[in-house]
Amino acid sequence: MAPRKIIIDTDPGQDDAFAILFALGSPAELDVVGITTVGGNVPLALTSKNALKVVELAGRPDVPVHAGCPAPMVRKLITAEYVHGETGLDGADLPEPVTPLQSEHAVNYLVRTIMDSPEGELTVCTLGPMTNLATAMTMEPRIVPRLREVVLMGGGFFQGGNATPAAEFNIFVDPHAAHKVFDSGVPVTMAGIDCTYTALMTPEWLDRLRATGSRAAIEAANLADFYRQYGTHKFETPARPIHDACVTGYLLAPQIYEQRQCAVTVDIVSPETIGMTVVDWWHVTGRRKNCNVLRRIDPAPFFELMLERISALP
Ligand code: BDR
Ligand code: CA
């Protein structure tokens, strides 16, 4: 079977870097046709530079990186240096990229590439605020029925939120964009924190990753060592979720995820709960089930696969 074609929309971020390396290390199954960047964990100039650093680390400077929206559709940008450090990729000393960014804006790139692809072929994976995709859908609504699926890291329901009591960071940063995408009619799969909190990355696994000896594996482990510092009080264990990598894991091994088709809406109006993904788990509203909600991962096969794929990179 031909590899599945994906565009990764991202705000790297150490866990974004894991998701990208995991995908680029899986060329038999995934064809990463392009990467688009957005302001999120850190401002756009840094997320764009970081995406270039990651494709170069993977030995794949041929994957085009397009910079997109610097700020959400309506609200001001909120960043997360408190998690990811000032650069967004603190922990690894990656060289300044030599590959240039593409000149075409990410939103134009998304519209052009989706319109030029056969219907139902392209999957967009969003690992940050969904500003670029929602803007592309606004600019050219005909992209919606052309997409195969949107697979996103964001949201949560049973675990509440990690940015506010109700909202997960990616959805909270641009709730209006998320609302647009969930409401668009495109098939959506959501890896929220209910799912990502069930696959915790342990120090033992990181030792194994580092010991494989490839440069990509060693630098990924260095990134994770920094990223693990956040959450000591919250998780009360040295293990940490590696959120965005759960999107790649789903594309490669959906059978290791517990999932349910649900009606999901995004709150864009309530001051206390803006950015919350309201999951109708018991289908009490009778609304159209617009989202495949990932609830749990079987962690052992997930981490085995990620180890194999990242360590296969140079
Ligand atoms: C999400 O927020 C970001 O900080 C991470 O990169 C991930 O995409 C987790 O809530
Ligand atoms: Ca991210």
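An unreviewed UniProt entry annotates the protein chain as Nucleoside hydrolase originating from Mesorhizobium jarvisii.

(A) Region of interest: the environment of Asp-9. Position of Asp-9 relative to the elements: it lies in strand β1 (residues 4-10). As a C-alpha pair, Asp-9 and Met-190 span 181 residues in sequence and 14 Å in three-dimensional space. Once residues lying within four places of it in the same chain are set aside, the contact partners of Asp-9 are Thr-36, Thr-37, Val-38, Cys-125, Thr-126, Leu-127, Gly-128, Pro-129 and Asn-132.

(B) Region of interest: the coordination of the calcium ion (ligand 2). Every protein donor of the calcium ion (ligand 2) is accounted for by Asp-11 (OD), Asp-16 (OD), Asp-16 (OD), Leu-127 (O) and Asp-244 (OD), and the metal-donor separations fall at 2.2 to 2.6 Å. Summarised as a motif, the one-chain spacing of the donors to the calcium ion (ligand 2) is D-x4-D-x110-L-x116-D. Of this pair, Asp-11 sits in the loop between β1 and α1 (14-24) while Asp-244 sits in the loop between β8 (240-241) and α12 (245-252); the two residues are 233 residues apart in sequence, bridging distant segments of the chain. Residue classification places Asp-244 among the buried positions, given a relative accessible area of 1%.

(C) Seen up close, the site of ligand 1. Around ligand 1, the surrounding shell consists of Asp-15, Asp-16, Asn-41, His-84, Leu-127, Met-153, Asn-162, Glu-168, Phe-169, Asn-170, His-243 and Asp-244. Within the side chain of Asp-15, one N or O atom sits 2.6 Å away from an oxygen atom of ligand 1. Residue Asn-170 places a side-chain N or O atom 2.9 Å away from an oxygen atom belonging to ligand 1. Within the complex, the protein chains bury 95% of what would otherwise be the 280 Å² of accessible surface of ligand 1. Of all the secondary-structure elements, those providing two or more residues to the shell around ligand 1 are α1 and α6 (169-173). Tallied by class, the residues present in the shell around ligand 1 amount to 3 nonpolar, 5 polar and 4 charged.

(D) The arrangement of the state of the cysteines in detail. Tallied over the full model, the rule gives 0 disulfides. There is no disulfide at Cys-195, and the cysteine sulfur nearest it, in Cys-246, is 5.0 Å away. Classification of Cys-195 as buried rests on a relative accessible area of 0%. Lacking any disulfide linkage, Cys-262 is separated from the closest cysteine sulfur, that of Cys-291, by 7.2 Å.

(E) Summary view of the pairing of strand β9 (residues 257-266). By the bridge criterion, 6 bridges tie β9 to strand β11 (residues 291-297) in an arrangement that is antiparallel. In the strand pairing of β11, Arg-260 is matched with Val-293. Looking at chain direction, β9 and strand β10 (residues 277-280) are connected through 4 bridges and run antiparallel. The residue bridging Val-264 from the neighbouring strand is Val-279, located in β10.

(F) Structural context of the sheet that holds strand β4 (residues 123-126). Pairing is mixed in the open sheet, where 9 strands are placed in the order β3-β2-β1-β4-β5-β6-β11-β9-β10. Each end of this open sheet is capped by a strand with a single partner; those strands are β3 (65-67) and β10. Mean inter-strand twist for the sheet, computed between neighbouring axes without regard to direction, equals 30°. Here β4 pairs with strand β5 (residues 149-153) via 4 bridges, running parallel. Bridge assignment links Thr-126 to a residue of β5, and that residue is Leu-152. Along the sheet, α1 contacts β1 and β2 (30-37); its crossing angle with β1, the most-contacted strand, is approximately 165°. Here α12 sits on the sheet in contact with β1, β2, β4, β5, β6 (188-191), β9 and β11, set at roughly 140° to β5.

(G) Here's a closer look at helix α9 (residues 203-211). Looking only at α9, the buried set comprises Pro-203, Trp-205, Leu-206 and Leu-209. Relative to the axis of α9, the buried residues are bounded by an arc of 155° and lie together on one face. Away from the buried face of α9 by more than 90 degrees, exposed residues Glu-204 and Ala-211 are located. Residues of α9 that are buried sit in contact with α1, β7 (200-201), α10 (215-227) and α13 (299-311).

(H) Representation of the packing of α9 against α10 within the structure. Axis separation between α9 and α10 bottoms out at 7 Å; the angle between their running directions is 150°. Relative to α10, the element α9 lies roughly antiparallel. When you trace α9 past α10, the crossing you get is left-handed. Note on element contacts: α10 touches α9 through Ala-217, Ile-218, Ala-220, Ala-221, Asn-222, Ala-224 and Asp-225, opposite Leu-206, Leu-209 and Arg-210. Its residues assigned to classes, the contact of α9 with α10 shows 7 nonpolar, 1 polar and 2 charged.

(I) Summary view of helix α2 (residues 44-57). Taking 1.5 Å as the rise per residue, α2 with 14 residues should run 20 Å; its terminal C-alpha atoms sit 20 Å apart, in good agreement. In terms of burial, α2 is a largely internal element, 10 of the 14 residues being buried. For α2, every residue scored as buried is listed here: Leu-44, Thr-47, Ser-48, Asn-50, Ala-51, Leu-52, Lys-53, Val-54, Val-55 and Leu-57. Those residues of α2 hidden inside the fold are in contact with α1, β2, β3 and α10.

Each value, and the rule that gives it
Residues numbered from 1 in each chain as written. Chains lettered and ligands numbered in written order. Predicted model: local features only at pLDDT ≥ 70, side-chain atom pairs only at ≥ 80, totals over all residues. Heavy atoms only, no water. Helix = DSSP H or I, 4+ residues; strand = E, 2+ residues; numbered from the N terminus. Contact = heavy atoms within 4.5 Å. Donors = N, O, S within 2.8 Å, 3.2 Å for Na, K, Ca; no water. Buried < 20%, exposed > 50% of the residue type's maximum accessible area, 1.4 Å probe, protein only. Near = heavy atom within 4 Å. Polar contact = N/O pair within 3.5 Å; in protein donor to acceptor, adjacent residues only side chain to side chain. Areas by Shrake-Rupley, 256 points an atom, 1.4 Å probe, with all protein chains shown as cover. Nonpolar A, V, L, I, M, F, W, Y, C, P; charged D, E, K, R; others polar. Disulfide = S-S within 2.5 Å. Pairing = 2+ DSSP bridges. Axes fitted to C-alpha atoms, helices over the stretch in contact; angles between N-to-C directions. Arc of directions from axis to C-beta. Parallel < 35°, antiparallel > 145°, perpendicular 65-115°, else oblique. Left-handed = near helix turned anticlockwise from the far one by under 90°. Expected span 1.5 Å × (residues − 1).

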